[in-house]
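Below, each chain spelled out in residue letters.
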Amino acid sequence: MSLSVQTWQLRAQFAAALSRLYATEVPLYSTLVEVSAEVNREVGTTERVIAERHGAIRVGSPRELADVADLFAAFGMFPVGFYDLRDAHSQVPVVSTAFRPIDPDELDHNRFRVFTSMLSTADQRFFSPDLRTRIEGFLARRQLFDPALVDEARRIASDGGADRERAERFVADTVDAFALSREPIDRAWYDELSRVSAVAADIAGVTTTHINHLTPRVLDIDELYGRMSQRGVAMIDAIQGPPRSAGPDVLLRQTSFRALAEPRRFRDDDGAVSDGTLRVRFGEVESRGVALTPEGRQRYDEALAAADPAAVWHEYFPATDEAMASSGLAYYRGGDPSKPIVYEDFLPASAAGIFRSNLDFDSQSDDTADGCHYSLDWMAGQIGHHIHDPYELYEKAASQ
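Residues numbered from 1 in each chain as written. Predicted model: local features only at pLDDT ≥ 70, side-chain atom pairs only at ≥ 80, totals over all residues. Heavy atoms only, no water.

**Overview of the pairing of strand E12 (residues 283-288)**
Then step 1. Along E12, six of the six residues are buried, which leaves the element largely enclosed by surrounding structure.
Then step 2. A two-sided burial pattern is seen for E12, the buried positions comprising Gly283, Val285 and Ser287 on one face and Glu284, Glu286 and Arg288 on the other.
Then step 3. Relative to E12, strand E9 (residues 252-257) is paired through six bridges, and the arrangement is antiparallel. Counted as the bridge partner of Phe257 is Gly283 from E12. (Buried < 20%, exposed > 50% of the residue type's maximum accessible area, 1.4 Å probe, protein only. Helix = DSSP H or I, 4+ residues; strand = E, 2+ residues; numbered from the N terminus. Pairing = 2+ DSSP bridges.)

**Quick word on the pattern of salt bridges**
Then step 1. All chains considered together, the criterion is met by 38 salt bridges.
Then step 2. Measuring nitrogen to oxygen at the nearest pair gives 2.6 Å for the salt bridge that ties Arg125 to Asp123.
Then step 3. A salt bridge links Arg258 to Asp237, with the shortest nitrogen-to-oxygen separation between them at 3.1 Å. Taken together, the residues Arg258 in the loop between E9 and strand E10 (262-267) and Asp237 in the loop between helix H11 (221-230) and E9 connect sequence positions 21 residues apart.
Then step 4. Its relative accessible area of 67% is what places Asp237 among the exposed residues. (Salt bridge = Lys/Arg side-chain N within 4 Å of Asp/Glu carboxyl O.)

**Section: the packing of aromatic side chains**
Then step 1. Scanning all chains against the criterion turns up 18 aromatic pairs.
Then step 2. When the centroid spacing of 6.2 Å and the interplanar angle of 45° are considered together, the rings of Phe126 and Phe127 count as tilted.
Then step 3. Linked through ring pairs, Phe14, Phe72, Phe75, Phe99, Phe112, Phe145, Phe170 and Phe178 together constitute an aromatic cluster.
Then step 4. When the ring centre of Phe346 is taken as reference, the NZ or CZ atom of Arg288 above it lies at 5.1 Å. (Phe/Tyr/Trp six-rings, centres within 6.5 Å; stacked < 30°, edge-to-face > 60°. Lys NZ or Arg CZ within 6 Å of the ring centre and 35° of its normal.)

**Observations concerning the sheet that holds strand E2 (residues 53-59)**
Then step 1. Pairing is mixed in the open sheet, where five strands are placed in the order E3-E4-E5-E2-E8. Where the open sheet ends on each side, the last strands, each with one partner, are strand E3 (78-84) and strand E8 (211-216). Neighbouring strand axes in the sheet, compared pairwise and without regard to direction, differ in orientation by 20° on average.
Then step 2. Note: strand E4 (residues 94-100) against strand E5 (residues 112-119), six bridges, orientation antiparallel. (Axes fitted to C-alpha atoms, helices over the stretch in contact; angles between N-to-C directions.)

**Overview of helix H7 (residues 147-159)**
Then step 1. Taking 1.5 Å as the rise per residue, H7 with 13 residues should run 18 Å; its terminal C-alpha atoms sit 18 Å apart, in good agreement.
Then step 2. Burial in H7 covers these residues: Leu149, Val150, Glu152, Ala153 and Ile156. Here the buried residues of H7 occupy an arc of 160° about the axis, which is enough to place them on one side.
Then step 3. Looking at the packing, one finds that the buried side of H7 touches helix H1 (7-25), helix H4 (62-73), strand E6 (161-162) and helix H8 (164-177).
Then step 4. Capping of H7 at its N-terminal end is provided by Asp146; its side-chain oxygen lies 2.9 Å from the backbone amide nitrogen of Ala148.
Then step 5. Gly160 sits one or two residues past H7 and shows a positive phi near 80°. (Expected span 1.5 Å × (residues − 1). Arc of directions from axis to C-beta. Contact = heavy atoms within 4.5 Å. Polar contact = N/O pair within 3.5 Å; in protein donor to acceptor, adjacent residues only side chain to side chain.)

**Some words on the sheet that holds E10**
Consider a sheet: its strands pair through backbone hydrogen bonds, and that pairing is either parallel or antiparallel.
Then step 1. Across the sheet, which stays open at both edges, the three strands sit in the order E7-E10-E11 with mixed pairing between neighbours. Looking at which strands have only one partner, the edges of the open sheet turn out to be strand E7 (185-186) and strand E11 (273-278).
Then step 2. Pairing of E10 with E11, which is carried by six bridges, proceeds in the antiparallel orientation. Paired with Arg264 across the two strands is Gly276, which belongs to E11.

**Overview of a negative patch on the surface**
Then step 1. Together, Asp186, Asp191, Asp269 and Asp270 give the surface a local cluster of negative charge.
Then step 2. Mapped onto the elements, Asp186 comes out in strand E7.
Then step 3. Accessibility expressed as a relative area gives 40% for Asp186, which makes it partly exposed. (Patch = residues over 30% accessible without salt bridge, like charges linked within 9 Å, V, L, I, M, F, W, Y side chains within 5 Å. Areas by Shrake-Rupley, 256 points an atom, 1.4 Å probe, with all protein chains shown as cover. Lys, Arg positive; Asp, Glu negative; His and termini not counted. Charge placed at Lys NZ, Arg CZ, Asp CG, Glu CD.)

**Re the packing of helix H2 (residues 28-43) against H11**
For any two helices packed against each other, one specifies the inter-axial angle together with the distance between the axes.
Then step 1. Running from amino to carboxyl end, H2 crosses H11 at an angle of 135°, the nearest separation of the two axes being 10 Å. Relative to H11, the element H2 is oriented oblique. As H2 runs across H11, the sense of the crossing is right-handed. Of the residues in H11, those touching H2 at Thr31, Leu32, Val35, Ser36, Glu38, Val39 and Glu42 are Glu223, Leu224, Arg227 and Met228. (Parallel < 35°, antiparallel > 145°, perpendicular 65-115°, else oblique. Left-handed = near helix turned anticlockwise from the far one by under 90°.)

If you want it as structure tokens, here you go:
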């Protein structure tokens, strides 16, 4: 069998095609990409970083998440980490994982990550038993992905690639599955879910899924934030994540332009269809630093708990990569402080903060104790894929 298109090339084609699609759906995204590339070229970077993206999608059920896992495996993207956003500051009713390459060589070829959230319908703090039953019934009736597409993904994953014609068809079909639908939305159902959570409505109020945001990487996010604002783009109030400091950049900093009012069609109870708008998608951008060890992550959490993290940051982290490496606070390839290992994952509080900054109102939950079964092991069993521990991946990369 001729595999003229390898897994990393499939992934690169997929990321580029999704980027083109999203630019047609959210034109302001093109401005974000343009300004990010402008800043990156001034800082001095490679085209690979300029092409780097992370995406975000949302699904409703374990069955749908399992299909996503099979689809992304064909692109060499595997689940890493378990994120519970239900207990974050904004109480978003989802649990998540991130699909990404896990091998350093694959990461060097093409870094594409998709943060994937699943609605936590079993959490009675958000969903009454009656509403849960109706949501799960709705989800059971819809089919986000053509079974033939998922089957093809499994074959390509097993083969480790595809010939050119087959690859082009598979990438195009997968991208189509994430295109924003123009089908009318049941207004009453969507509004009922919105009263619980705008995120729940975005997931279970429609019959399809879509790209929630697609995020370029920028090397100076503060400069990017200022330039977007100068262009008259309404940005959220802050940059999420660690404060800017004189020392090495760590983990992940994120910001976004505010969710835009996008035209959508609605169907009322009488069957009449009318035009309206929804504000669910936004333009996120990120800056990535060195991955922290468990000790470094503990210090990070302690620093962010301070009233003014920027003012005390130097008490928790040294000002050089050499000191970070010798203190065992961050990962460096072969222990060499000139070779920091990029943080490839996500911060639950930052993700929730971005979600919250782009919502008109917060999720509504009660004080019922969380008696749900959601966990990393539960999710792995549901999707039939091992969920990798990010620290183990960083340790392995550091030892090479």
